[in-house]
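Here is how the chains run, residue by residue.
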Amino acid sequence: MSGPFEYNNGELHCEGVSLTAIAEAVGTPAYVYSRTEIERAYRAFDEALAFMPHEICYAVKANSTLGVLGVLVELGAGADIVSVGELYRWLRAGGTAEHVVFSGVGKSESEMKTALEAGIGCFNVESAEELVALDAVAQKMGKRARISIRVNPDVDPETHPYISTGLKTNKFGVSMAEAPELFRDAAKRAGLEVIGVDCHIGSQLTKTSPFADAIARLVQLITDLDKDGIKLRHVDVGGGLGIDYGKGDGVPPTPAEYGAAVQKALAPIAKLGLKLMTEPGRVLVGSAGALISRVMFRKHNELKHFTIVDAAMNDLMRPALYGSFHPIQPLKNPNRPLVKTDVVGPICETGDFFARDRELPALEAGELIWIGAAGAYGAAMASNYNTRPRAPEVLVEGNTYTVIRTRETYEQLVANEKLA
Ligand code: LLP
């Protein structure tokens, strides 16, 4: 067990609250988050970057539920957004536009307009054509858009191919070869104000070396631009630091180790006095969350044992999409004989699983289970597939909890539809 989820008298708790009590109150499946753990993770990350002026722009996509965003707003985070939908959520949660950076390869004109009107801090521009489009939108509005150019440093983050973003074969950013010319072009445009450079090489990184390699390339670029008279105000190193999913195959670097690697990589340009920007998502909220589910039935044949639970791939799609590992435990009495089983959901797809051939305490029909490390890219990626309402979300703090999102109703699911 890890972090905020601990057994107390044989019963799993989140901070001081029994998860069984939450499941009985809101039903299953349900997401539960620890506020204290989010705060701890944020502070650890913040302290790790204390060596220079910095801003932590939380990657809203990791968990965009208002109640979670509200915690990050209170901690003083900024936001990394990839749509104006995320901007809307951030502002609704009390965040300010000024501390928002807007990433993504396909920002629409109307999104550019909305973000400019709101006065966001920076657009992370990802292509030459986007640069031209943003310049035109800004000029039409009589504004100047603050921009950074996202470069693709072509380093291998050594993570799952679907979540690596810093390779030449990925759609993200502009190549190192193209970047200097684009900076010079941008600097001449009346609708743009060039303030930074950024990169994001991938997610769930379990080593510091790819970050260091990518930053070394940014450092070279910043030095060259500086000689050309293009003075940047910030360097944004993206997000990507991994968390421990409990698979037992090594633990990712701590924020302190990550911070030390970033500091070392940035040392050659320390004298330029740039601000460090970061865009962490998973490392701030991942370990703070769990999906609680109830075992429905079990069955087995000559080859396999299946445990069918009431959560499914629509609630947490990471195992189906990336084959990712999430720890699983019963909410009560974990010390019992093990059974090798597939933990699967009710959805009509073979990809609907949470674990395969996993040795788990022999689970009984009707009992509750914990699927851990689900605070990031869990609820945020949930869908209504199989017309399943999205699960409620609960935020625990100490001995109390708040339902920050109720379970969807069937009426809500069809609210925008009509018969032809
Ligand atoms: N900045 C940008 C531009 C990003 O695209 C991302 C994540 C982040 C920051 C935050 O990365 P993090 O610190 O969370 O690793 N659904 C996948 C992860 C996709 C990540 C997409 N981009 C998963 O469940 O593993």
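The structure this text deals with has already been given above.
It is worth spelling out the overall build of the protein at this point. On a plain count of helices and strands, the protein comes out with twelve helices and 21 strands. In terms of overall size, the protein behaves like a compact globule, its C-alpha atoms giving a radius of gyration of 23 Å where 420 residues would be expected to give roughly 22 Å. Overall, the protein is about 70 × 55 × 45 Å in size when its C-alpha atoms are taken along their principal axes. Here the protein holds 420 residues, and 54% of them are scored as buried. Residue pairs at least 24 apart in sequence account for 69% of intrachain contacts in the protein once pairs closer than 6 positions are excluded. Side-chain charges of the protein comprise 43 positive and 52 negative groups, with the mean position of each set lying 2 Å from the other.

Interaxial distance between helix 2 (residues 35–48) and helix 3 (residues 66–75) falls to 10 Å at its minimum, and their mutual angle equals 40°. Classed by the angle they form, the pair helix 2 and helix 3 counts as oblique. As helix 2 packs across helix 3, the resulting crossing turns out to be right-handed. When helix 2 is examined against helix 3, the residues R35, I38, E39, Y42 and R43 are found in contact with a partner set consisting of V68, V71, L72, E74 and L75. Broken down by class, the residue content of the contact of helix 2 with helix 3 amounts to six nonpolar, no polar and four charged.

Another aspect to go through is the packing of aromatic side chains. In total, this model carries six aromatic pairs according to the counting rule given. Measuring from centroid to centroid gives 6.1 Å for Y31 and Y33, while their planes differ by 15°, and the two rings are stacked. For the pair formed by Y31 and Y33, the shared burial category is buried. Look at Y162 and Y322: their rings are 6.4 Å apart centre to centre, the planes differ by 75°, and that puts the pair in the edge-to-face class. Linking Y162 in the loop between strand 9 (145–152) and strand 10 (174–175) with Y322 in helix 11 (residues 318–322), this pair joins segments that are 160 residues apart in sequence. Residue class for Y162 comes out exposed when judged on its relative accessible area of 60%. Aromatic rings pair up to connect F45, F211 and Y258 into one cluster. Taking the ring centre of F102 as reference, the NZ or CZ of K107 above it sits at 5.5 Å.

With that settled, consider the site of the ligand. S203, E279, R318, Y322 and Y377 are the nearest of the 19 residues found near the ligand. A distance of 2.6 Å separates an oxygen atom of the ligand from a polar side-chain atom of R318. Y322 has a polar side-chain atom sitting 2.6 Å from a nitrogen atom of the ligand. When the ligand sits alone it has 590 Å² of accessible area, and the protein chains cover 92% of it. The residue makeup of the shell around the ligand, split by class, is six nonpolar, seven polar and six charged.

Bringing the side chain of N124 into the picture now. Its place among the elements puts N124 in strand 8 (residues 122–125). Residue N124 is classed as buried on the basis of its relative accessible area, which comes to 0%. Among residues more than four places away in sequence, those in contact with N124 are V101, F102, S103, G104, K107, E130, S148, D198, D236 and E279.

Turning to empty space enclosed by the protein, a few remarks are in order. Tallied over the entire structure, the rule returns one cavity of 30 Å³ or more. A volume near 30 Å³ is recorded for the largest cavity. Around the largest cavity, the lining residues are Y31, A379, A382, R390, A391, E393 and R405. Residue composition of the lining of the largest cavity, grouped by class: four nonpolar, no polar and three charged.

What counts, and where the lines are drawn
- Residues numbered from 1 in each chain as written.
- Predicted model: local features only at pLDDT ≥ 70, side-chain atom pairs only at ≥ 80, totals over all residues.
- Heavy atoms only, no water.
- Helix = DSSP H or I, 4+ residues; strand = E, 2+ residues; numbered from the N terminus.
- Rg over C-alpha atoms; globule rule 2.2 N^0.38 Å.
- Buried < 20%, exposed > 50% of the residue type's maximum accessible area, 1.4 Å probe, protein only.
- Contact = heavy atoms within 4.5 Å.
- Lys, Arg positive; Asp, Glu negative; His and termini not counted.
- Charge placed at Lys NZ, Arg CZ, Asp CG, Glu CD.
- Axes fitted to C-alpha atoms, helices over the stretch in contact; angles between N-to-C directions.
- Parallel < 35°, antiparallel > 145°, perpendicular 65-115°, else oblique.
- Left-handed = near helix turned anticlockwise from the far one by under 90°.
- Nonpolar A, V, L, I, M, F, W, Y, C, P; charged D, E, K, R; others polar.
- Phe/Tyr/Trp six-rings, centres within 6.5 Å; stacked < 30°, edge-to-face > 60°.
- Lys NZ or Arg CZ within 6 Å of the ring centre and 35° of its normal.
- Near = heavy atom within 4 Å.
- Polar contact = N/O pair within 3.5 Å; in protein donor to acceptor, adjacent residues only side chain to side chain.
- Areas by Shrake-Rupley, 256 points an atom, 1.4 Å probe, with all protein chains shown as cover.
- 1 Å grid on protein atoms, 1.4 Å probe; cavity = no way out; pocket = protein on both sides within 12 Å on 5 of 7 lines; lining within 4 Å.
- Points joined across faces, edges and corners; volume = space filled by probe spheres on them.

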